Structure formats: structure tokens, C-alpha cells
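These are the residues of each chain, in order.
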Amino acid sequence: ATTEIYTLSLHDALPIYYYREHTVLCRYELTMKDPVDAELLQQACDEARPLAGYFFQKVVWEKREAHLAPNDAPFRVRIGHVQPHIPEDTDDYQLACSCEGNQIFFDWFHFLADGRGGSQLMTLVLKLYCNLRYGTAFACEPLVSDPPYDIEDILARYPESQVENDMQKEVTQTSEAKPRLVRVRLDKQSLLDAALPLGVKPFSALMALFCKAGREYFGRDDLRYNYSTDARDAMGTPKALFNCVASFQRRLPLTADAPLAEVAVGVDTDLKANLAPEKKIFRIAEQMGWVYRVYQQKASLSIKKRIFQMGEYISGFPADFWVSYLGDPFRPSSPELTRYIEDFQTWVPADGASIGLEATSLHGVITLCIKNKVPRPGFAEALRDAFEAEGIRVLEAVELGEDLT
């Protein structure tokens with residue numbers, strides 16, 4: 001049943017991740033308040049397996065087609081912090097779990113799940129681990145996913161989404177140097193205090209300040225940013241474990257003296273308009289239509305990769321910033337569980353952008369984990385200056401060096 005349910009999902013979502021030049025691996029990095037017991041973590045993963053069958057699968061290729069199938073190999077908790085190559089180092093699993101000292105690392109191939117899907121597995125494993133480690137009594141219910149959406153039906157509903165690529169469209173030239181890690185931590189309440197008088201979402205204030213900092217850092221008055229939205233509500237798949245994200249882009253001209261209120265309100269207006277269900281569905285059609293057309297071609301994977309990359313590039317979607325706001329990293333939210341967790345970070349490649357940023361919230365702190373492919377330092381300080389100019393308390397702004405994963 002699992003294979004049948006997720007065959008169509010792989011047809012719809014998998015190719016985009018195999019057509020891209022770089023593998024998109026996501027990482028959740030937790031710091032527990034006590035040293036991690038690797039044997040108990042292994043036991044927790046073993047107990048999670050029958051409760052989360054969707055995640056413990058492998059990709060099976062049959063000629064040019066692929067589907068997910070149950071993986072019968074043992075799932076091994078690894079020791080150390082180095083991110084493994086998935087699936088080459090993981091016995092064909094599309095995820096990995098490892099630990100070192102007080103830290104636990106969850107890694108997965110992005111086509112398998114987006115942040116909210118991955119959070120559900122992480123939360124389940126952590127509850128099982130705490131039950132074993134601390135004698136807690138967290139309820140651990142099976143993770144049940146909705147069936148995948150029908151991309152053919154969506155394309156039939158929105159044929160106007162499939163316009164030809166405009167070869168004359170302006171394309172942002174992204175930086176592609178070795179990513180450098182930057183981490184910024186903000187006092188959450190001070191961000192809320194800055195956003196409230198403006199009547200905007202905290203994310204809109206964050207995005208506006210990223211761009212104001214980016215204007216100084218890039219030395220340009222014209223920036224483009226992409227951001228992701230959860231499309232589960234629009235797609236009628238509220239329990240989706242698979243990737244269900246609609247991404248949008250906006251061009252933002254800036255001047256040196258542009259007030260935060262003006263910039264943030266513009267960002268917020270665009271964001272709220274794109275949260276409408278029809279906008280999300282239409283965007284899914286735009287995103288997946290090109291993937292589906294390439295997938296249908298009777299050509300080798302190497303040829304499909306070249307066709308896909310050309311089409312994605314001339315679509316004009318590359319940007320200066322790619323931003324995702326996960327917020328509370330636990331699904332469902334569990335204040336009791338966070339008592340055992342000291343810190344949470346999430347790291348995702350800057351896919352299709354010069355700078356990729358993930359934002360999460362824990363213990364009253366907003367943590368921004370940034371992968372920056374621009375080959376010069378100074379972004380952490382640019383962000384600090386932009387936030388502090390608006391009264392937002394910066395707890396940390398550090399350049400961590402090159403990405404070693």
C-alpha cells in the first residue's frame with residue numbers, strides 16, 4: 001500500500017531534485033541538555049519505524065521511472081556530526097540520524113519531505129527517545145499522510161500557468177562560491193514589538209530587514225528574494241508528509257533612506273496576497289508544470305538534467321535571497337518536549353539563490369541559519385546593523401566559516 005500511494009508522489013516531486021546539479025540535503029541540528037545516549041536513540045528510531053513507514057523507504061528506479069518502496073535494510077544511527085551522502089552512505093534510506101556529545105542530527109533528501117514533514121518525524125523520534133531516556137510518557141501516534149495531489153488535474157485546471165519561457169527575461173546572477181555559514185540570533189519579543197506597530201507579520205519585518213542589510217552588503221539598490229509557503233491547506237492535503245511547498249519571488253527596489261515601515265508593508269502586502277489558496281495552487285502548477293513536461297520526455301536522465309536546468313534558469317527564478325520561516329520546529333508543538341532541548345538549528349543549501357536562510361523559534365529566540373555563497377565576509381554585521389537600527393535585540397551575529405558538510 002505504501003508503494004502504491006507514493007508512486008504518484010514521486011512522479012510529481014522527485015524529478016526536480018534529481019534534475020538539479022546539487023543534491024538538496026536538509027539538516028536539523030538539536031542540542032540536548034544532557035549527553036545523548038546513542039543506544040537509546042537507536043532504539044527510538046527502531047520504534048519510530050512502524051509508526052512512520054513513509055520515511056523509512058528507498059527509491060526504486062525502473063528504466064526512467066521511479067517510486068518509493070519499503071527499505072528492509074537496518075536503519076543505523078551514526079556517530080559523529082559529518083553529514084552523510086544520501087542515499088550512498090545510508091543503505092538507500094533517504095534520511096539519516098546521528099549524534100555526537102549533546103547533539104542529535106536529522107538529515108534528509110528534500111524531495112522526501114519539506115520542513116513541516118521532516119518536523120513530524122523528528123518530533124516523533126524525540127518523544128520516543130525522551131520516553132526511554134527520561135521516563136516521560138509522551139503519546140507517540142502513527143504518522144499518517146494524505147495521498148499526493150494529482151499534478152495532471154492541477155495543470156488541466158490552470159493551463160494558463162504553462163506559458164513559454166521568455167528568453168529575454170531578466171535573470172538574477174547568483175553567486176556560487178563555497179557556502180559560508182552565518183548564524184544570527186534575535187530576541188523574539190523585540191522582533192514582535194518592531195512588527196506590531198507596522199501592522200505586518202513578523203516574517204515581513206524580517207524579510208524587509210534582510211533586504212535592507214542586503215542592499216548594503218551587495219552594494220545594489222535592486223534585489224530579488226524568494227520565499228516558501230506551506231501549500232497543504234490549498235492542496236487539500238493537511239496531513240501531507242511529502243513536500244508541499246509553493247515558492248514565490250518578488251523584486252524589491254530600495255533606496256538608502258527607505259523607512260522600514262514602507263519596505264515591510266510592501267513585503268507584507270505581497271505575502272498576504274500569495275497566501276490565498278488559489279495563488280498557491282496556481283504557483284504549484286507553475287513550479288511543477290515544467291518538471292512534469294521534462295519528466296515526460298523520452299530521454300536519458302543526463303539529457304533531462306540539461307533541459308531542466310536551462311528551463312529553470314531562463315524562467316527567471318534565481319534570486320539574491322531564498323528565505324524559509326519554519327517557526328516552531330516541532331510538529332505538533334510540544335512545550336513539554338522543549339524542556340529537554342537546549343538549542344535548535346536548521347541548515348539547508350542556498351538552492352537557486354546567493355544566500356539561503358532558515359528561521360526557527362525556540363525558547364523566545366529566533367535563530368537564523370544562513371548559507372552564503374557570496375565570496376566576501378560582512379553579512380553577519382550587515383544584519384546586526386539592520387536589526388539594531390530598528391530596536392531589535394541581536395543576541396548573536398557570527399560568521400562560522402565554510403560549510404564542511
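Note that the coordinates shown come from a computational prediction; the quantities given were computed from them, not determined experimentally.

### Concerning the sheet that holds strand 11 (residues 341-347)
Across the sheet, which stays open at both edges, the five strands sit in the order 4-5-6-1-11 with mixed pairing between neighbours. Two strands bound the open sheet, and with one partner strand each, they are strand 4 (78-79) and strand 11. Both strand 1 (residues 25-32) and strand 11 contribute to a ladder of six bridges, which runs antiparallel. Counterpart to Thr 31 in the pairing with strand 11 is Asp 343. Against the sheet, helix 2 (residues 38-48) makes contact with strand 4, strand 5 (95-100) and strand 6 (103-109), and its axis sits at roughly 160° relative to strand 5, the strand it touches most. In this fold helix 3 (residues 115-134) packs onto strand 1, strand 5, strand 6 and strand 11, with an angle of close to 35° to the strand it touches most, strand 1.

### Description of the sheet that holds strand 14 (residues 394-402)
In space, the seven strands of this open sheet follow the order 9-8-10-12-13-7-14, with mixed pairing throughout. Only two strands of the sheet have a single partner each, and these edge strands are strand 9 (245-253) and strand 14. Averaged over all adjacent pairs, the angle separating strand axes in this sheet is 20°, with direction ignored. The pairing of strand 8 (residues 222-230) with strand 10 (residues 319-327) spans three bridges and is parallel.

### Side note on the nonpolar core
With 123 residues, the main nonpolar core has Phe 55, Val 184, Phe 321, Leu 368 and Phe 387 as its most contacted residues. At eleven residues, helix 6 (residues 202-218) tops the list of elements feeding residues into this core. The residues touching Leu 368, leaving out its near neighbours within four places in the chain, are Val 182, Arg 183, Val 184, Leu 186, Phe 210, Leu 357, Glu 358, Ala 359 and Phe 387.

### Comments concerning the packing of helix 6 against helix 8 (residues 260-274)
Look at helix 6 against helix 8: their axes get within 8 Å of each other, and the N-to-C directions meet at 125°. Classified by the angle between their axes, helix 6 and helix 8 sit oblique to one another. Read as a crossing pair, helix 6 and helix 8 show a hand that is right-handed. Taking contact as the criterion, the partners of Phe 203, Ser 204, Ala 205, Met 207, Ala 208, Leu 209 and Lys 212 in helix 6 are, on helix 8, Leu 260, Val 263, Ala 264, Val 267, Asp 268 and Leu 271. Of the residues contributing to the contact of helix 6 with helix 8, the split by class is ten nonpolar, one polar and two charged.

### A short note on helix 8
With 15 residues, helix 8 should cover 21 Å at 1.5 Å per step; its first-to-last C-alpha distance of 21 Å lies within 8% of that length. Residues of helix 8 that are buried make contact with helix 6, strand 8, strand 9 and helix 9 (277-296).

### Things to note about the packing of aromatic side chains
Throughout the structure, instances matching the rule amount to 20 aromatic pairs. On the basis of an interplanar angle of 35° and a centroid distance of 6.1 Å, the ring pair of Phe 321 and Phe 379 is categorised as tilted. Of this pair, Phe 321 sits in strand 10 while Phe 379 is found in helix 12 (residues 379-389), placing the two residues 58 residues apart along the sequence. For Phe 379, a relative accessible area of 0% gives the class buried. Over the ring of Phe 218 we find Arg 220; its NZ or CZ atom is 5.2 Å from the centre of that ring. One residue, Arg 376, lies across the ring of Tyr 217, its end atom 4.7 Å from the ring centre.

About the criteria used
Residues numbered from 1 in each chain as written. Predicted model: local features only at pLDDT ≥ 70, side-chain atom pairs only at ≥ 80, totals over all residues. Heavy atoms only, no water. Pairing = 2+ DSSP bridges. Helix = DSSP H or I, 4+ residues; strand = E, 2+ residues; numbered from the N terminus. Contact = heavy atoms within 4.5 Å. Axes fitted to C-alpha atoms, helices over the stretch in contact; angles between N-to-C directions. Core = buried A, V, L, I, M, F, W, Y, C linked by side-chain atoms within 4.5 Å. Buried < 20%, exposed > 50% of the residue type's maximum accessible area, 1.4 Å probe, protein only. Parallel < 35°, antiparallel > 145°, perpendicular 65-115°, else oblique. Left-handed = near helix turned anticlockwise from the far one by under 90°. Nonpolar A, V, L, I, M, F, W, Y, C, P; charged D, E, K, R; others polar. Expected span 1.5 Å × (residues − 1). Phe/Tyr/Trp six-rings, centres within 6.5 Å; stacked < 30°, edge-to-face > 60°. Lys NZ or Arg CZ within 6 Å of the ring centre and 35° of its normal.

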